[in-house]
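Here's the letter readout for the chains.
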Amino acid sequence: MQYTSKMFNQTKHKQRTTHTWRVWAIYMVLAANLSEEQVLKQACPSCDATQLCNCSSMGLDFIPSGLTGKITVLNLAHNRIKHIRSQDLQQAVNLRALLLQSNEISSIDKDSFRSLGKLELLDLSNNSLAHLSPAWFGHLFSLQHLHLQGNFYRDLGESSPFSNLRNLSSLHLGNPRFSTIRQGNFEGIALLNKLWIEGGNLSQYEPGSLKSMKKIDHMIINLRSINVFSAIVRDLLHSVTWLEVRKIAFSIPAEMQVLRVMSSSFAKKISFKQTLLTDATVPGIVSILGDMPKLVEVEMIDCRLLGTGRWEMQIQVNQSQTVRVVTIEKLSIEKFYLFTDLQDVEGLLSLLTKVTVENTKVFLVPCSLSQRLLSLEYLDLSANLLGDQSLEHSACQGGWPSLQTLNLSQNSLSNLEMTGKSLSHLRNLSLLDISQNNFGEIPDVCEWPKTLKYLNLSSTHIPKLTTCIPPTLEVLDISANNLKEFGLQLPFLKELYLTKNQLKTLPGAAPIPNLVAMSVSRNKLNSFSREEFESFKKMELLDASDNNFICSCEFLSFIHHQAGIGQVLVGWPDKYVCDSPLAVRGARVGAVHLSLMECHRSLMVSLICALVFLVILVLVAVGYKYHAVWYLRMTWAWLQAKRKPKRAPPKDICYDAFVSYSENDSDWVENIMVRELEQACPPFRLCLHKRDFVPGKWIVDNIIDSIEKSHKTLFVLSEHFVQSEWCKYELDFSHFRLFDENNDAAILVLLEPIQSKAIPKRFCKLRKIMNTKTYLEWPPGEEQQEMFWENLKGALKS
């Protein structure tokens, strides 16, 4: 029995010990994790308790420790990281996006990304990587987007760095040093949504290097070598859907034969960006594009053409049966005013349905060319130089017969009547944008296409609307015209945009009975009645943001009612938080609870003004009681004194003493003291404010200058003196001089006994002088007056 008890106690003790060790181990793990999270929080505060960890532009030299499985997005861009170690990202197993662009990374341990099996985006662009290792990407099975451009590598290695990236969707690589692509570099990649190669100095391309790719939706290639470009195109004849070529020069006619391989490409869209063309090479390019069997769209953006359209060889090509869309934006033609009428290409245009020629200095479309655009449905000629006369010629009879949408914004049109008349024969035109022209005053009657439904007249400097506006419209935009009223009869109008005008009231509902949506934001509306709003029977959307609404409780009740019956107010007003299903800028919010300030603005403004006035009054009273004005004046006088030398040079001393006295004591000073001192042998030179101050000069400056130019300052103290404002100024400055210089420049003469408490408390040091130093008292008896004058003269000479 005793043995059993002993065994039981030992077992119990062992279990207790084991439990203690388990608790201790758990505690240590939690403490370690907590410590790591604290370190991470210090290095990158935005990582605290969030799945997004933004550590960009924080000057980091390394990847911060403490990364956990909670983080899905880690942004370390724009730091100074040089090396990625194996353990840096080991715990970030749920990372989906890792942004490391614009660092100084030159080396990466081969298993640094081993734990990132869920990573979908990796950006290593703009670093210092001199080579790419397949080991880096070997475990990134979920990777879809990889950015490697802007590093220092010259090639992709002997084999494919991307062979394990089966889910890769977009790949961006290349840099100014990138010069070689070898066979096998892209093995393992069959399908890509986007392939972007920055190959400005790409000079060696082994044929077949890209042939392993079966499909590339969009390929962007930036290079200079025509031969390399031709070889790449040859490998991708049946793979690329959209081919975008950048920064290449088509300037030598002989090179066009090398590009002839493009005519066999199955690409549906070709884009040229920042490319150079000449009169000598344009015919060859057009011929190649015309022969491409599946080409639908041609795009030229920010390109340059050296020439005037006088092709050195005739364009010999059959009309493409597939090209439907041509886009030209910002085409630079130095001598655009000499450009020809394009007769050579007129036969290629009849099947085009959409043409954009934007910001290219077009001032005229030849009538014969317009008449060949038989299938054209969309034409954008915005940001050009078309005027009223040139538009009339461009839109000639028989021109653009199928046109439905026309954009003439940002041109040089100035006559709305002439614009409408020039386009009136377009029987299918339904949408017209002539915004950002300069029409000014418009007539009462205009002629328009009978099918016109959408008209944009925003920013056209129209001061007042007239019946020139076509009555067939369903959508009208007349924003930014400084209109003060709207009263047009538009029975079919469904959408009306009046943003950024000067309206003070809503338009009347009777002339626009079918209105469904209206924007009156950025006007001068302050309110409108229930009857005004309810008159719009079909209104579904109203944007009234950025106005000057004066809220009232009745107005708020009206808003609640309109929301309750299903009519939606958009942006009503921006700053209000609403209680009913109101939409603010299209987003549903809850709850109109207006503050007292918003509901009774006038009353609140009045109360605030009264409160401010009361506070100012109190401050003035307190300042008067505690001599605030005196302290301000004292500060100014002190600053004036501090700017000057502590003691004037001997040559600048003009007086033996400056006399400071009250006007009430002038009889004794001027008739007794001045006569005694100035007629003595030798005579003393005294400075008196009545006699010696400079007329027209500020009195404070006179006081300061007189004290500075005097050897001594003589104060005639009396009950009148301590009550005089200007005597205070004179005493103030001398007070500073006396204590700043530690000298005996001040002489005190008591004309009559003064109680210590009569001296203002702010002159505590003056009271201390009178208690600790000798001063002269004017005696009543004549015998003692002789001794007074001797003592005063001695003090002035010292």
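Residues numbered from 1 in each chain as written. Predicted model: local features only at pLDDT ≥ 70, side-chain atom pairs only at ≥ 80, totals over all residues. Heavy atoms only, no water.

## Some thoughts on the pattern of salt bridges
Then step 1. If you walk through the whole model with that rule in mind, you get 17 salt bridges.
Then step 2. A salt bridge links K215 to D217, with the shortest nitrogen-to-oxygen separation between them at 2.2 Å.
Then step 3. A relative accessible area of 38% means that K215 is categorised as partly exposed.
Then step 4. Classification of D217 as partly exposed rests on a relative accessible area of 28%.
Then step 5. Across the salt bridge formed by E334 and R304, the nearest N and O atoms sit 2.8 Å from each other. Of this pair, E334 sits in the loop between β20 (332–333) and β21 (354–358) while R304 sits in strand β18 (residues 304–306), placing them 30 residues apart in sequence.
Then step 6. Salt bridges here are not isolated pairs; linked through shared partners, they connect E244, R246 and K273. (Salt bridge = Lys/Arg side-chain N within 4 Å of Asp/Glu carboxyl O. Buried < 20%, exposed > 50% of the residue type's maximum accessible area, 1.4 Å probe, protein only. Helix = DSSP H or I, 4+ residues; strand = E, 2+ residues; numbered from the N terminus.)

## Let's talk about the sheet that holds β18
Strand pairing in a sheet takes place through backbone hydrogen bonds and is either antiparallel or parallel in direction.
Then step 1. Strand order in this open sheet of four strands is β14-β16-β18-β20, and the pairing throughout is parallel. Edge positions in the sheet fall to β14 (249–250) and β20, since each of these pairs with one other strand and no more.
Then step 2. Pairing of β18 with β20, which is carried by two bridges, proceeds in the parallel orientation. What sits directly across from L305, in β20, is I333. (Pairing = 2+ DSSP bridges.)

## Focus on the confidence of the model for the chain
Then step 1. Per-residue confidence for the chain averages 82 on the pLDDT scale, and 79% of its residues sit at or above 70.
Then step 2. Within the model, pLDDT remains below 50 along residues 1–8, and this stretch shows zero contacts once partners closer than five positions in the same chain are excluded.
Then step 3. For residues 25–35, every residue scores under 50 in pLDDT, and the model assigns this stretch zero contacts once sequence neighbours within four places are set aside. (pLDDT = per-residue confidence, 0-100. Contact = heavy atoms within 4.5 Å.)

## Examining the packing of aromatic side chains
Then step 1. Per the stated rule, a full pass over the model turns up eleven aromatic pairs.
Then step 2. Plain terms: the ring middles of F137 and F162 are 6.3 Å apart, the flat faces sit at 35 degrees to each other, and that makes the pair tilted. Here F137 is found in helix α2 (residues 134–137), whereas its partner F162 is found in the loop between β7 (145–147) and β8 (170–174), with 25 residues between them in sequence. Both residues of the pair, F137 and F162, count as buried.
Then step 3. Ring centres 5.9 Å apart and planes at 75 degrees place the aromatic pair Y153 and F178 in the edge-to-face group. With Y153 in the loop between β7 and β8 and F178 in the loop between β8 and β9 (180–181), this pair connects stretches of sequence that are 25 residues apart. Each member of the pair, Y153 as well as F178, is classed as buried.
Then step 4. Every member of this aromatic cluster is reached through a ring pair, and the members are W136, F137, F162 and F186.
Then step 5. Positioned above the aromatic ring of F152, the side-chain terminus of R177 is 4.4 Å from the ring centre. (Phe/Tyr/Trp six-rings, centres within 6.5 Å; stacked < 30°, edge-to-face > 60°. Lys NZ or Arg CZ within 6 Å of the ring centre and 35° of its normal.)

## A closer look at the nonpolar core
Then step 1. Counting 152 residues, the largest nonpolar core has F113, F186 and M219 as its most contacted members.
Then step 2. With six residues, the single largest contributor to this core is helix α3 (residues 226–235).
Then step 3. Residues contacting F113, with those up to four places away along its chain left out, are I84, L89, L98, I108, L122, L124, W136, H139 and L140.
Then step 4. F684, I747, V749 and W778 belong to the second largest nonpolar core, which has 23 residues in total. (Core = buried A, V, L, I, M, F, W, Y, C linked by side-chain atoms within 4.5 Å.)

## Considerations on the sheet that holds strand β33 (residues 655–660)
Then step 1. Read from one edge of the open sheet, five strands run β34-β33-β35-β36-β37, paired in parallel fashion. The strands lining the two open edges of the sheet, one partner per strand, are β34 (686–687) and β37 (776–777).
Then step 2. Pairing of β33 with strand β35 (residues 710–717), which is carried by five bridges, proceeds in the parallel orientation. Within β35, the position partnered with F658 by the bridge is T713.
Then step 3. Taken strand by strand, helix α13 (residues 666–678) contacts β33, β34, β35 and β36 (746–750), and its axis lies near 145 degrees from that of β35.
Then step 4. Sheet strands touched by helix α15 (residues 699–708): β33, β34 and β35. Its angle to β35, the strand with the most contacts, is close to 120 degrees. (Axes fitted to C-alpha atoms, helices over the stretch in contact; angles between N-to-C directions.)

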